[in-house]
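Take a look at the letters that make up each chain.
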Amino acid sequence: LFVNHQIPFWRPEDQFGMPSNLYLLFSIGYAQILSIIAGNALGISNVLLMFKLSILLEQLILISGVFLLSKMIHKHKITHIFVGVIACATISWGNQIWWNFRFYSLLPIVFYFIILFWQSGKVSSLLLGCIIYLIGQWGSLPYYLPVHAFQILVLVVVLIVRTRKFPKLIWTYSSIG
């Protein structure tokens, strides 16, 4: 891509030259797109370095989401650090990037914004969580959607049972903007 200035539309390494249009749709995620743009703008031709930096960005977003969610749920600071360290230690994207990383990488931050919406009633929190979820679906496998929908449904049911109420929506300009 960086040398020939075009995306390769065939896969010689494992599919014997089969067209890879559909594969590219499922494999280039939001962080890889940012990496492509940044690498092209900065003139960096080391594709492996840019890919690793994009994975690092995804890992930082995962750790931030885990930390925010842990901070919302747990009171002790040591718990936040422990949960963050465990989240870092369980990332094994080298073997199977979809099932071992992209499947859950944005769920903690999406859960954080759903719970924040539930507590505050601000529609902006729910919209931000939905936007982050949709961005995370780019570069993911399509059968994640029903599994994630079930996980979000379980979270909402737990919130309903635990709080025994629906969030009161705040539709003011300040909650949207």
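Overview of the structure. (Residues numbered from 1 in each chain as written. Predicted model: local features only at pLDDT ≥ 70, side-chain atom pairs only at ≥ 80, totals over all residues. Heavy atoms only, no water.)

### Focus: the overall build of the chain
Scanning the chain for helices and strands turns up 9 helices and 2 strands. Looking at the 177 residues of the chain, the share that counts as buried comes to 36%. In the structure as shown, the chain presents an accessible area of about 11400 Å², 72% of it carried by carbon and sulfur atoms. (Helix = DSSP H or I, 4+ residues; strand = E, 2+ residues; numbered from the N terminus. Buried < 20%, exposed > 50% of the residue type's maximum accessible area, 1.4 Å probe, protein only. Areas by Shrake-Rupley, 256 points an atom, 1.4 Å probe, with all protein chains shown as cover.)

### Some points on a nonpolar patch on the surface
A contiguous nonpolar surface patch, about 550 Å² in accessible area, is contributed by Phe150, Leu153, Val154, Val157, Val158 and Val161. Here Val157 shows up in helix α8 (residues 144-163). (Patch = residues over 30% accessible without salt bridge, like charges linked within 9 Å, V, L, I, M, F, W, Y side chains within 5 Å. Salt bridge = Lys/Arg side-chain N within 4 Å of Asp/Glu carboxyl O.)

### Focus: helix α4 (residues 77-89)
Look at α4: 19 Å from first C-alpha to last across 13 residues, which is about the 18 Å you get at 1.5 Å a residue. All of the buried residues along α4 are His80, Gly84 and Ala87. Buried positions in α4, seen along its axis, are confined to an arc of 65° and lie on one side of it. The outward face of α4, more than 90 degrees from its buried face, is lined by the exposed residues Ile78, Ile81, Phe82 and Ala89. Contact partners of the buried residues in α4: α3 (47-73). (Expected span 1.5 Å × (residues − 1). Arc of directions from axis to C-beta. Contact = heavy atoms within 4.5 Å.)

### Here we look at the packing of aromatic side chains
For any pair of aromatic rings, geometry is given as the distance between the ring centres together with the angle between the planes. Under the criterion given, the structure shown has 3 aromatic pairs. Between Tyr112 and Phe113, the aromatic rings sit 5.1 Å apart at their centres with planes inclined by 70°, giving edge-to-face as the arrangement. Of the two residues, Tyr112 and Phe113, both sit in the buried class. Ring geometry for Tyr143 against Tyr144: centres 6.2 Å apart, planes inclined by 85°, an arrangement best described as edge-to-face. On the basis of relative accessible area, Tyr143 is assigned to the partly exposed category, the value being 45%. An aromatic cluster is built from Phe103, Tyr143 and Tyr144, whose rings are joined through pairwise contacts. (Phe/Tyr/Trp six-rings, centres within 6.5 Å; stacked < 30°, edge-to-face > 60°.)

### So, the side chain of Ser70
Relative to the helices and strands, Ser70 resides in helix α3. Judged by relative accessible area, which is 4%, Ser70 ranks as buried. Setting aside residues no more than four positions away along its own chain, Ser70 makes contact with Thr79, His80 and Val83.

### Let's talk about the packing of helix α2 (residues 30-42) against α3
It is at 8 Å that the axes of α2 and α3 come closest, and there the two elements cross at 135°. As summarised for this structure, α2 and α3 are arranged oblique, according to the angle between their axes. Read as a crossing pair, α2 and α3 show a hand that is right-handed. Of α3, the residues touching α2 (which contributes Tyr30, Ala31, Gln32, Leu34, Ser35, Ala38 and Gly39) are Met50, Phe51, Ser54, Ile55, Leu57, Glu58 and Ile61. Class assignment for the residues of the contact of α2 with α3 results in 9 nonpolar, 4 polar and 1 charged. (Axes fitted to C-alpha atoms, helices over the stretch in contact; angles between N-to-C directions. Parallel < 35°, antiparallel > 145°, perpendicular 65-115°, else oblique. Left-handed = near helix turned anticlockwise from the far one by under 90°. Nonpolar A, V, L, I, M, F, W, Y, C, P; charged D, E, K, R; others polar.)

### Digging into the environment of Met50
In this fold, Met50 is placed in helix α3. Here Met50 falls in the buried class, since its relative accessible area comes to 5%. Taking the C-alpha atoms as reference points, Met50 and Leu34, 16 residues apart in sequence, are found 9.5 Å from one another.

### What about the side chain of Gln137?
Within the element layout of this structure, Gln137 appears in helix α7 (residues 123-137). Apart from residues lying up to four places away in sequence, Gln137 is in contact with Tyr144, Leu145 and His148.

Geometric descriptors of this kind do not, in isolation, establish any biological role.
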